Amino acid sequence: MTAILEAAQQAGSFSQLMSALKAADLEEMLQGEGPFTILAPTDDAFAKLPEETVQDLMQDTYRLKQVLLYHVLFGDVRSDDLAEIHEAPTVEGSIVFVEQDANQIKVNDAQVTQMDILTDNGVIHAIDAVLIPTILEP
């Protein structure tokens, strides 16, 4: 297995996320021992954001870091765990809400599109939207 960042890079659908993590200087943290769970917005998820929102975030590293840490959960939270919980604390400090039905799991308003990409220091779940913490919403 590989570490979270290497696995995300190899997946090929997280290039925007990888750029954002580098810009926010979070690579070293995510290369650490962990375990971490990453709710990873795909490139298509980033494409749904208005271009000016992405540009603003990339220029404001404090806000960018807060948004990215809102996508990181402490521990190794796999799909079986997500199916059992209703909320989870994030590294950013806020809570994400988890809904599940027979066919899908949603985190806030984002659908989990790929689950359980296992890594040496955690797990990645691909999501179809970028999560914005309430305190940073316009």
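Residues numbered from 1 in each chain as written. Predicted model: local features only at pLDDT ≥ 70, side-chain atom pairs only at ≥ 80, totals over all residues. Heavy atoms only, no water.

In this section: the nonpolar core. The biggest cluster of nonpolar side chains holds 29 residues, and the ones touching the most others in it are Phe14, Leu17, Leu21, Leu30, Ile38, Leu68 and Ile124. Taken together, the elements giving at least two residues each to this core come down to helix H1 (4-11), helix H2 (15-23), strand E1 (36-41), helix H4 (43-48), helix H5 (51-59), helix H6 (61-69) and strand E7 (122-127). Residues in contact with Leu17, not counting those within four places in the same chain, are Ala40, Pro41, Asp43, Phe46 and Leu68. If you look at the next biggest cluster of nonpolar residues, it comprises 14 residues, including Leu73, Ala88, Val96 and Val112. (Core = buried A, V, L, I, M, F, W, Y, C linked by side-chain atoms within 4.5 Å. Buried < 20%, exposed > 50% of the residue type's maximum accessible area, 1.4 Å probe, protein only. Helix = DSSP H or I, 4+ residues; strand = E, 2+ residues; numbered from the N terminus. Contact = heavy atoms within 4.5 Å.)

This part is about the sheet that holds E7. As summarised here, the arrangement of the seven strands in space is E2-E1-E7-E6-E5-E4-E3, forming an open sheet in which the pairing is mixed. A single partner strand is all that each edge strand has here, and the edge strands are strand E2 (72-74) and strand E3 (87-89). Across the sheet, the axes of successive neighbouring strands diverge by a mean angle of 30 degrees, strand direction being ignored. Where E1 meets E7, six bridges bridge the pair, whose relative direction is parallel. Across the sheet, the residue bridging to Ala40 is Ala126, located in E7. (Pairing = 2+ DSSP bridges. Axes fitted to C-alpha atoms, helices over the stretch in contact; angles between N-to-C directions.)

Interpretation in functional terms is not warranted from these geometric data alone.
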